[in-house]
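A structural walkthrough
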Amino acid sequence: MKIMKERTMPHLLRVMQQLNKRQALTNEDRQYMVNLEKGYQGECYFDNVLKEVVKGDVVVLNDLLLSVNRTHTQIDSLIITGSTIYLYEIKNYDGEFVNKSDHLLTKTGHEISNPLIQLSRSTTLFKQHLRNSGPSFPVEAFVVYVHPSFVLHESTLGSKLLMPSQVRSHLAELNRRSSHLKKKHNDLASKLVLAHVEDNPFKQTVTPYTVESVKRGLTCLSCGSFDLILTRRSSFCSTCQYKSLLPDSIDAHIKEFKLLFPDDRVTRHTIVEWCGGKVSDRVVWTVLKTRYNPKGSKRTRYYI
Ligand SMILES: [Zn+2]
């Protein structure tokens, strides 16, 4: 098995997790962060089972975002085998749900968007993309529910759904069905990686924040606590006992600053402030000088 496109934590989730340490998120933002975390955990679970079970000659592409005839579609996981291309929409819902004539309801009767409709749309667009770009391949698509407590009542559309207990056996079946990949399969995988759109039009944003509105200061790299004991060389967390070298901790805070404030310049002064004024200007300068590239003149020095 070869992974041609790795899955990474969604950018917005990384931003929200850092912000969550430094300010109170609105209820809406917090709920959104929890949903993102849950979705990402479900996808990582699927990836792990896939790595464990699928040993054959297949290519995997994760989180593929394609623009087809000016419409965007996202595919959580795509597996190219010698016979078929498999698309997966991965859902980490937990609890009991009811399927009523194409409508997905929670047990209390609230309707939520049906992943099968999303899957049907993305499959149609993906097939169009294939038609536009070369040889044809058979395509099969599934909604995968991965959470062990997920139960779906009154389901009649079983063939496109994979329940938690079926994920392993379904993926094991790919081993039996996969034959050696040919050049056309590898070419397709490379073309799909190139066609991936980086700028996500579905991108959600978080409630606006500024350097002034969030709590500044060094935090523990392990648990996020502000309760640190600093020495000249290291930081020690009073909450979880995690110890890190001071330059590594400062470096992580520079990266965090760049993640949260991509439009702001990284200068000695901004980083000293970001670290809450608890570390010396000289240590910050040494980290910037040795691990980042200087830009601007001496008076306006910043680092990228
Ligand atoms: Zn800690």
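Below you will find a few notes about this structure. (Residues numbered from 1 in each chain as written. Predicted model: local features only at pLDDT ≥ 70, side-chain atom pairs only at ≥ 80, totals over all residues. Heavy atoms only, no water.)

So, the packing of aromatic side chains
Under the definition given, this model contains 12 aromatic pairs. Geometrically, the ring pair formed by Tyr88 and Phe142 is stacked, given 5.9 Å between the ring centres and 20° between the ring planes. Note that Tyr88 is positioned in strand S4 (residues 85-91) and Phe142 in strand S8 (residues 139-145), a separation of 54 residues in sequence. Between Phe257 and Phe261 the ring centres are 5.2 Å apart and the planes differ by 45°, which places this aromatic pair in the tilted class. Phe257 gets classed as buried once you look at its relative accessible area, which sits at 1%. One aromatic cluster is present, built from ring pairs that chain together Phe46, Tyr86, Tyr88 and Phe142. (Phe/Tyr/Trp six-rings, centres within 6.5 Å; stacked < 30°, edge-to-face > 60°. Helix = DSSP H or I, 4+ residues; strand = E, 2+ residues; numbered from the N terminus. Buried < 20%, exposed > 50% of the residue type's maximum accessible area, 1.4 Å probe, protein only.)

Digging into the packing of helix H3 (residues 115-133) against helix H5 (residues 183-195)
Look at H3 against H5: their axes get within 12 Å of each other, and the N-to-C directions meet at 115°. With respect to H5, the element H3 is oriented roughly perpendicular. In this structure, H3 meets H5 at a crossing whose hand is right-handed. Contacts between H3 and H5 pair Phe126, His129, Leu130 and Ser133 from the former with Leu188, Lys191, Leu192 and Ala195 from the latter. Grouping the constituent residues of the contact of H3 with H5 by class yields 5 nonpolar, 2 polar and 1 charged. (Axes fitted to C-alpha atoms, helices over the stretch in contact; angles between N-to-C directions. Parallel < 35°, antiparallel > 145°, perpendicular 65-115°, else oblique. Left-handed = near helix turned anticlockwise from the far one by under 90°. Contact = heavy atoms within 4.5 Å. Nonpolar A, V, L, I, M, F, W, Y, C, P; charged D, E, K, R; others polar.)

Such coordinate-based values are descriptive only and should not be taken to indicate function.
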